[in-house]
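Working through the structure, step by step
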Amino acid sequence: MTERADKTIELRVLRYNPEADEKPHHQSFTVPYTSDMSVLQGLQWIKDTVDGSLTYRWSCRMAICGSCGMMINAEPKLACHTLLRDLAPGPVTVEPLNHFPIERDLVVTVDDFVKKIESVTPWLIPKHPKPVSEGPYNQTPAQLAAYENFSACINCMLCYAACPQYGENPKFIGPAAMAILQRYDGDSRDGGSALRIDAVHGEDGVWGCTAVGACSDVCPKAVDPMHAVNQNKMNTALDYFLRFLKKRDAK
Amino acid sequence: MSERRPYVRPMPRDWWAHRPFRHYTIRELSGVTIAIYAAVLLSGLVALLRGPEAWDAWRGWLASPASLVLHGALLIAMLWHVRTWFQILPKTMPKLILGGTPVPQRTITLVGTSVAVICSSALVAFVLWRPF
Ligand code: SF4
Ligand code: FES
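Residues numbered from 1 in each chain as written. Chains lettered and ligands numbered in written order. Predicted model: local features only at pLDDT ≥ 70, side-chain atom pairs only at ≥ 80, totals over all residues. Heavy atoms only, no water.

Structural notes on the packing of aromatic side chains
- Across all of its chains, the model carries nine aromatic pairs over all chains by this definition.
- Seen from their ring centres, tryptophan 15 of chain B and tyrosine 24 of chain B are 6.1 Å apart, and the 20 degrees between their planes marks the pair as stacked.
- A relative accessible area of 10% places tyrosine 24 of chain B in the buried class.
- Ring geometry for tryptophan 85 of chain B versus phenylalanine 86 of chain B: centroids 5.1 Å apart, planes at 80 degrees, classification edge-to-face.
- For tryptophan 85 of chain B, a relative accessible area of 46% corresponds to the partly exposed category.
- Judged by its relative accessible area of 12%, phenylalanine 86 of chain B is buried.
- Three or more aromatic residues joined by ring pairs form one cluster here, namely Phe100, Phe113, Tyr160 and Tyr166 of chain A.
- Taking the ring centre of tyrosine 137 of chain A as reference, the NZ or CZ of lysine 130 of chain A above it sits at 4.8 Å. (Phe/Tyr/Trp six-rings, centres within 6.5 Å; stacked < 30°, edge-to-face > 60°. Buried < 20%, exposed > 50% of the residue type's maximum accessible area, 1.4 Å probe, protein only. Lys NZ or Arg CZ within 6 Å of the ring centre and 35° of its normal.)

Spelled out as structure tokens, the structure:
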């Protein structure tokens, strides 16, 4: 037997229409729900039955594509991975991810995030390139464990919405980019750290981080970006001194 | 035709005073105790340089109720700082892999905190009982 949606919950959604609105404003919707419904399904009910213009991103509905990140009761969450029943009796505020410009309703501008990911050379650069005929690059379980959690990032940007330092300084490289950098830097087959170190250095690099730790708290995939950022503080300090020594040797 | 006009929300200046950042703010503020402790020690050193009278006055101040209250507060803040410092420790070091699996961060925190507690207790015991 299918459950009847006889309970309702109020969603207070932040709306913004760039063609008509000077600034965003909240709009309330009363949404009928069943115990298995997510916030994303609540939004879909609104779009299907009340207001077709409500705009938001989603794709997989199963916490893997990373599209549906939004602020739910002021916390960065995946809308498809947050159940309405856990938020009862409401009201529930639903807003676009913090720290990103709003394009329309719950959709934010992702350009800056994408550029940051690109800037860390996010692919494997073989340490010892060899032709396919020589077989695969083998890896032990310990070598896999060294980077495995960092490879679980789904680019949902929740960590950027949680990070007050990114909110203060949008140039800060931020959590996920460093997690992705560490995913490759920490891979025993990779030899590309030298190409990535520039993204790590300086005020807009890892030193913009003050170890608030909110990024790792909100990450839906236990990537632990805070660990990636902070272990790279040591790497950049080391690199700084090594460069300094090399310069002295050259004299 | 739709027009693009991205709206940038301002960042609240007092973000550090609100949930979920309060824990972080208290942690950072508790670090100030180290500077205050250092100032107290430094004033003792200055008193020592100035001669026996200044030194006695400084020791007298140390035993005053105001100083005892201050030191009680400093001790609490310091203990909190130690606790949070070791909570962050595993985040600042490379991953520790033993026998093919990563050592849990909680274990690293526990070991670090235990070592600090044992060393500090040993030092306190040594100062109190001066075996030699
Ligand atoms: S690190 Fe976690 S929170 Fe950040 S983008 Fe990746 S999956 Fe999302
Ligand atoms: S819709 Fe894909 S993560 Fe939520």
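Let's talk about the pattern of salt bridges
Residue and element names in this part refer to chain A.
- Scanning the model with the defined rule gives 13 salt bridges over all chains in all.
- For the salt bridge of arginine 196 with aspartate 190, the shortest nitrogen-to-oxygen distance reads 2.9 Å. Each member of the pair arginine 196 and aspartate 190 is classed as buried.
- Because the salt bridges share partners, they merge into one network encompassing Arg15, Asp51 and Asp105. (Salt bridge = Lys/Arg side-chain N within 4 Å of Asp/Glu carboxyl O.)

Here we look at the domain arrangement of chain A
Residues and elements named next belong to chain A.
- You can read the domains of chain A as domain 1 (7-108) and domain 2 (111-250).
- Each of domain 1 and domain 2 has a C-alpha centre, and the two are 31 Å apart.
- At the junction of the two partners, domain 1 supplies 15 residues and domain 2 supplies 16 residues.
- Here domain 1 and domain 2 share an interface that buries about 1,100 Å² over both sides, 73% of which is from carbon and sulfur atoms.
- For the domain 1 face of the interface with domain 2, the top three residues by lost area are Pro76, His99 and Phe100, together amounting to 49%.
- Connecting domain 1 to domain 2 are zero salt bridges. (Domains from an automatic or database assignment. Contact = heavy atoms within 4.5 Å. Buried area = accessible area lost by both parts, 1.4 Å probe.)

As for the sheet that holds strand S4 (residues 75-78) of chain A
All names here are of chain A.
- Reading across from one edge, S2-S1-S5-S3-S4 is the order of the five strands in this open sheet, with mixed pairing throughout. Strands with a single pairing partner mark the edges of an open sheet, and in this sheet they are strand S2 (25-33) and S4. Taken over all neighbouring pairs, the strand axes of this sheet differ in orientation by 35 degrees on average, direction set aside.
- Judged from the nine bridges that link them, strand S1 (residues 7-15) and S2 form a sheet pairing that is antiparallel. Within the sheet, the bridge partner assigned to isoleucine 9 lies in S2 and is valine 31.
- Sheet contacts for helix H1 (residues 39-49): S1, S2, strand S3 (69-72) and strand S5 (92-95); angle to S2, the most-contacted strand, approximately 100 degrees. (Pairing = 2+ DSSP bridges. Helix = DSSP H or I, 4+ residues; strand = E, 2+ residues; numbered from the N terminus. Axes fitted to C-alpha atoms, helices over the stretch in contact; angles between N-to-C directions.)

Topic: the UniProt feature "transmembrane region" (unreviewed entry) in chain B
Residue and element names in this part refer to chain B.
- The sites that UniProt annotates as "transmembrane region" (unreviewed entry) are residues 29-49, 61-86 and 107-129.
- Secondary structure within residues 61-86 divides into 92% helix and 0% strand; the distance between the first and last C-alpha atoms comes to 33 Å.
- Annotated as 100% helix and 0% strand, the span residues 107-129 places its first and last C-alpha atoms 33 Å apart. (UniProt positions renumbered as here; feature names shortened; annotations may be inferred.)

A closer look at the nonpolar core
Residue and element names in this part refer to chain A.
- Core analysis: the largest hydrophobic core is formed by 71 residues, its most contacted members being Leu11, Val13, Leu43 and Val94.
- Summarising the domain contributions, this core has at least three residues from each of domain 1 (7-108) and domain 2 (111-250).
- Contact partners of valine 13, with chain neighbours within four places excluded, come to His25, His26, Gln27, Phe29, Leu43, Ile46, Leu54, Val94 and Leu106. (Core = buried A, V, L, I, M, F, W, Y, C linked by side-chain atoms within 4.5 Å.)

What about the site of ligand 1?
- The immediate surroundings of ligand 1 are formed by Cys153, Ile154, Asn155, Cys156, Met157, Leu158, Cys159, Ala176, Cys219, Pro220, Val223 and Pro225 of chain A.
- Considering only residue class, the shell around ligand 1 consists of 11 nonpolar, one polar and no charged. (Near = heavy atom within 4 Å. Nonpolar A, V, L, I, M, F, W, Y, C, P; charged D, E, K, R; others polar.)

Side note on the environment of alanine 237 of chain A
- Along the polypeptide, alanine 237 of chain A turns up in helix H9 (residues 225-250).
- Considered as a pair, alanine 237 of chain A and histidine 201 of chain A are 36 residues apart in the sequence and their alpha carbons are 8.6 Å apart.

A short note on a nonpolar patch on the surface
All names here are of chain A.
- A contiguous nonpolar surface patch, about 660 Å² in accessible area, is contributed by Leu238, Tyr240, Phe241, Leu242, Phe244 and Leu245.
- Among the structural elements, leucine 238 can be located in helix H9.
- By relative accessible area, which is 56% here, leucine 238 ends up exposed. (Patch = residues over 30% accessible without salt bridge, like charges linked within 9 Å, V, L, I, M, F, W, Y side chains within 5 Å. Areas by Shrake-Rupley, 256 points an atom, 1.4 Å probe, with all protein chains shown as cover.)

A word on unusual backbone geometry
All names here are of chain A.
- The linkage connecting alanine 88 with the following residue, proline 89, adopts the cis geometry, with an omega of 5 degrees.
- Omega for the peptide link from glycine 90 to proline 91 comes to -5 degrees, which places this bond in the cis form.
- With respect to the helices and strands, proline 91 occurs in the loop between S4 and S5.
- Unusually for a residue other than glycine, aspartate 105 sits at a positive phi of about 45 degrees.
- Its relative accessible area of 3% is what places aspartate 105 among the buried residues.

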